[in-house]
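Read off the chains here:
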Amino acid sequence: MPPKPLPGPTRLSQIVKHLQQEPVPSLPALSSLKLRYALRNDHFGARHFVKDDLPRIAYTNPSLKIVVDKMDKKTEDTLTPQMELVFIDGSQHKIDMEKKWSSAIFTELLELHAKLGRNIKTKPSEATRGQKGTIRTTPRQRNDNP
């Protein structure tokens with residue numbers, strides 16, 4: 001009897017491989033991450049960032065609070081996609097995601113964290129304190145107050 005062929009990679013193993021691929025997005029100096037972009041027809045780089053890179057960030061940083069706001073945007077509205085970063089020391093920074101590829105957004109996030117995060121001293125208890133990392137995505141109606 002001939003030996004059975006080995007099965008190919010499972011879907012789960014492919015997902016885990018994607019989550020663990022290099023560069024590993026370890027962001028210990030961040031306490032929260034909030035993204036805001038259009039629900040459809042615009043902000044392609046931001047949408048691809050949320051689909052491809054945000055799960056890797058959430059997997060690597062389980063204590064990081066992540067909020068994603070998908071805004072309902074009309075053609076006449078002007079909505080700028082942006083990412084708000086809150087560091088453990090309370091400082092905040094915004095990243096403009098307008099007309100950027102998802103890879104450029106990811107690289108800018110890692111570079112900004114490397115630049116600003118090295119001055120922040122994190123204690124092991126502070127880095128893991130707080131809620132378990134969750135990603136909340138909610139489509140919302142756009143209002144004038146962000």
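Quick caveat: nothing in here was measured; it's all calculated off a predicted structure.

Peer 1: Help me understand the packing of helix 2 (residues 44–60) against helix 3 (residues 102–117) in this model?
Peer 2: Axes are the key here: two packed helices are described by the angle between their axes and the distance separating the axes. One way to put it is that helix 2 packs onto helix 3 with a least axis distance of 8 Å and a crossing angle of 50 degrees. In terms of their interaxial angle, helix 2 and helix 3 are classed as oblique. Taken as a pair, helix 2 and helix 3 cross one another with a handedness that is right-handed. Facing helix 2, whose interface residues are Gly45, Ala46, His48, Phe49, Asp53, Arg56 and Ile57, helix 3 presents Ser102, Ile105, Phe106 and Leu109. Residue composition of the contact of helix 2 with helix 3, by class: six nonpolar, three polar and two charged.

Peer 1: Hey, could you run me through helix 2 in this one?
Peer 2: An α-helical turn contains 3.6 residues, so any two residues separated by three or four positions project in the same direction. Spanning 17 residues, helix 2 covers 24 Å between terminal C-alpha atoms, matching the ideal 24 Å at 1.5 Å per step. Where helix 2 bends most, at Asp53, the angle is about 45 degrees, and the proline Pro55 comes one to four residues later. Taken residue by residue, helix 2 has Gly45, Ala46, Phe49, Val50, Asp53, Leu54, Arg56 and Ile57 as its buried positions.

Peer 1: Looking at this structure, how should I read a nonpolar patch on the surface?
Peer 2: Residues Leu12, Val16 and Tyr59 make up a contiguous nonpolar surface patch of about 290 Å² in total accessible area. Position of Val16 among the secondary structure elements: in helix 1 (residues 11–19).

Peer 1: Hey, could you run me through the nonpolar core in this one?
Peer 2: For soluble globular proteins, nonpolar side chains are generally found buried alongside one another. Core analysis: the biggest nonpolar cluster contains 24 residues, and Leu33, Ile57, Met83 and Leu109 have the highest contact counts within it. When contributions to this core are tallied by element, the ones reaching two or more residues are strand 1 (30–38), helix 2, strand 2 (65–72), strand 3 (82–87) and helix 3. Per-element tally for this core: the top contributor is helix 2, with five residues. If sequence neighbours within four positions are ignored, Leu33 has contacts with Leu54, Ile57, Leu64, Lys65, Ile66, Val67, Met83, Glu84, Leu85 and Leu109.

Peer 1: Sorry, what's going on with unusual backbone geometry here?
Peer 2: Excluding glycine, most residues fall at negative phi; most peptide bonds, likewise, are trans. Omega for the peptide link from Glu22 to Pro23 comes to -5 degrees, which places this bond in the cis form. Within the fold, Pro23 resides in the loop between helix 1 and strand 1. Its identity is not glycine, yet His43 carries a phi of approximately 55 degrees, on the positive side. Residue placement: His43 occurs in the loop between strand 1 and helix 2.

About the criteria used
- Residues numbered from 1 in each chain as written.
- Predicted model: local features only at pLDDT ≥ 70, side-chain atom pairs only at ≥ 80, totals over all residues.
- Heavy atoms only, no water.
- Axes fitted to C-alpha atoms, helices over the stretch in contact; angles between N-to-C directions.
- Helix = DSSP H or I, 4+ residues; strand = E, 2+ residues; numbered from the N terminus.
- Parallel < 35°, antiparallel > 145°, perpendicular 65-115°, else oblique.
- Left-handed = near helix turned anticlockwise from the far one by under 90°.
- Contact = heavy atoms within 4.5 Å.
- Nonpolar A, V, L, I, M, F, W, Y, C, P; charged D, E, K, R; others polar.
- Expected span 1.5 Å × (residues − 1).
- Bend = angle between axes of the 7 residues up to and from the residue.
- Buried < 20%, exposed > 50% of the residue type's maximum accessible area, 1.4 Å probe, protein only.
- Patch = residues over 30% accessible without salt bridge, like charges linked within 9 Å, V, L, I, M, F, W, Y side chains within 5 Å.
- Areas by Shrake-Rupley, 256 points an atom, 1.4 Å probe, with all protein chains shown as cover.
- Salt bridge = Lys/Arg side-chain N within 4 Å of Asp/Glu carboxyl O.
- Core = buried A, V, L, I, M, F, W, Y, C linked by side-chain atoms within 4.5 Å.

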